[in-house]
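Structural overview
The lines below spell out each chain.
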Amino acid sequence: MRRRPILAVIVAMLGVIVSVGVLVLSVGLGPASASTEPAPTPTPTSDFTNTFTIGGIIRSGDDPLEGVEVEVEGQGFSEVGTTGADGRWAVSVPSAGDYTATLLPDTLPEGVSPRDPDNVTRAVTLGTTNTVNVLFPTGEREIVRTNIADTILTRLVYGLNFGLLLALGAIGISLIYGTTRLNNFAHGEMVTFGGVVFFFFGTVLNMPLIAAIAVTLVLSAFTGYAQDAWLHKPLRRRGVGLVQAMIVTIGLSILVRYIVLFFLGGNIETLDTGLTETVSFGPVTITVASVVSMIVSAVMLALVGLFLTRTRIGKATRAVSDNASLAAASGINVDRIIRIVWVMAATLTGLSGILYGIFRQVNWNMGFQILLLLFAAVTLGGLGSAFGALVGSLIIGIVTEVSTVWIPNDLRYAVALLILIVVLLVRPQGVLGRKERVG
């Protein structure tokens, strides 16, 4: 009887893979033609059936820039794309190959300039994917000329926002590890799931904001229940080791990621929250959506802290995290606690996906892109410590944003990981972790 949950999961995965394969073959092959005449060579036009797209989003801080032009050239083709109200631009090109995308600085709003004025051209190669997104970092000219303290304060606020939404996902990883000792590498896809589902209900179906959030959190909670009930609990009962279980999470991560890519595509999507206004606090200008995101994150993290310290289930969770065998001997239903932890972790991570989608837009790879940062935050704070995950996330978020004052934006994550290495060399158990004797 215990084999049935595992068989059901395997059969379900095979069914998904076979279905995707049939769809791809049916779309790619199409009906065979009996004609032997060669097909005419298509003439490139501005309306392509097999679309290759170069695009991106241009923003100043968190504010999208409208009316900015980017010229795309290559393969005998040239066209200018213009950003819309959401800061997005896209140009369809006739075929795969090498192109260049050049930002036209004269079209930027007054007071805004490229972060690197001497490097406004990007080389783009289309071939392995049909869509490539190009980044053109910009900033306000006034910031460059004002006090460096104002610049650091601005980045500090952005870093606090980023750190809080990272904490929602990192606490989920920490709770799962604390109760099961499992490193869940599919956690990034739980972030992606929250962002993509919210995009579908809130933007595609135009559902009211609160309703879309509620539906997303319910579905996210169900994914946590399903992962434990249909996959990890059967594996635990069969005595599967932690290394093998971790490899299962890696496989699940890859499967889910490419299923999302199949249905969503490679485009970057913008969430429609209706909170596009900006507010200023001294030298800091931030969107209303970011302010709401910070408040929601702080409230949820406070509720998690109260849950773990003031409720019976929360205390039982900490007991299982400390010593599962002793907790079971004292009458705690360990399997039930683990199930609750999976559901809560998935719900928090789904909320993190919503907020991260608002912060950085939605794409099929969004969770995987920050997975290493989530693990870095958990490790930095102390493995298995929910409060350590919060501290580690805030450190990672603030360091990644503030470091852009002195280094290129593309290197900010590397600086955060460098901080992680240094801290672990000095304090291997993490900031709030406890020393443990091995052997």
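Preceding this section is the structure that the text describes.
Overview of the structure. Just so we're clear, the structure is a prediction, and the values are computed from it rather than from any experiment.

1. Focus on the overall build of the protein chain
Tallying secondary structure elements over the protein chain gives 13 helices and 13 strands in all. Burial analysis of the protein chain (439 residues in total) assigns 43% to the buried set. In the protein chain, 71% of the contacts between residues at least 6 apart in sequence involve partners at least 24 apart.

2. A look at helix α8 (residues 312–322)
Looking at α8, one finds that the buried residues are G314, A316, T317, V320 and S321. Across the axial projection of α8, the buried residues extend over an arc of 160°, all falling on one side. Structural note: α8 exposes R312 and D322 on the side pointing more than 90 degrees away from its buried face. Summarising the contacts, the buried residues of α8 are in contact with α3 (148–180), α7 (288–310), α9 (324–329) and α10 (334–360).

3. Points about unusual backbone geometry
Of note, R181 is a non-glycine position whose phi angle comes to about 60°, a positive value. With respect to the helices, strands and loops of the structure, R181 is situated in the loop between α3 and α4 (187–204). Look at R181 and you get partly exposed, because its relative accessible area is 35%.

4. A few points about the nonpolar core
In terms of nonpolar packing, the biggest core is built from 63 residues, with F162, I171, L175, L264, Y356, L374 and I396 touching the most fellow members. Setting aside residues no more than four positions away along its own chain, I396 makes contact with L166, L373, A376, A377, L380 and A416. In terms of nonpolar packing, the next biggest core, distinct from the first, is built from 22 residues, L65, V72, V112 and L126 among them.

5. Considering the sheet that holds strand β4 (residues 69–74)
Within a beta sheet, neighbouring strands are joined by backbone hydrogen bonds and run either parallel or antiparallel to one another. Taking strand neighbours across the sheet as the criterion, the four strands line up as β5-β4-β7-β9 in an open arrangement whose pairing is antiparallel. Edge positions in the open sheet fall to β5 (77–82) and β9 (121–126), since each of these has one partner strand only. On average, each strand axis in the sheet is inclined to that of its neighbour by 25°, with strand direction left out of account. In the sheet, β4 pairs with β5 via six bridges, with the strands oriented antiparallel. Bridging from a neighbouring strand, V72 pairs with E79 of β5.

6. Description of the pattern of salt bridges
If charged atoms from side chains of opposite charge come close, those side chains can pair. Scanning all chains against the criterion turns up six salt bridges. For the salt bridge of R257 with E189, the shortest nitrogen-to-oxygen distance reads 3.2 Å. Here E189 lies in helix α4 and R257 lies in helix α6 (residues 242–264), a separation of 68 residues in the sequence. Under the relative-accessibility criterion, E189 is labelled buried at 4%. A salt bridge links D228 to R339, with the shortest nitrogen-to-oxygen separation between them at 2.6 Å. Residue D228 is found in helix α5 (residues 209–237), and its partner R339 is found in helix α10; the two are separated by 111 residues along the sequence.

7. Thoughts on the environment of S393
Within the secondary structure layout, S393 lies in helix α12 (residues 386–402). Distance in space between the C-alpha atoms of S393 and I171 is 9.0 Å, their sequence separation being 222 residues. Contact partners of S393, with chain neighbours within four places excluded, come to G163, L166, A167, A170 and A377. Reaching out from S393, the side chain makes a polar contact with the backbone oxygen of A389 at a distance of 2.7 Å.

What counts, and at which threshold
- Residues numbered from 1 in each chain as written.
- Predicted model: local features only at pLDDT ≥ 70, side-chain atom pairs only at ≥ 80, totals over all residues.
- Heavy atoms only, no water.
- Helix = DSSP H or I, 4+ residues; strand = E, 2+ residues; numbered from the N terminus.
- Buried < 20%, exposed > 50% of the residue type's maximum accessible area, 1.4 Å probe, protein only.
- Contact = heavy atoms within 4.5 Å.
- Arc of directions from axis to C-beta.
- Core = buried A, V, L, I, M, F, W, Y, C linked by side-chain atoms within 4.5 Å.
- Pairing = 2+ DSSP bridges.
- Axes fitted to C-alpha atoms, helices over the stretch in contact; angles between N-to-C directions.
- Salt bridge = Lys/Arg side-chain N within 4 Å of Asp/Glu carboxyl O.
- Polar contact = N/O pair within 3.5 Å; in protein donor to acceptor, adjacent residues only side chain to side chain.

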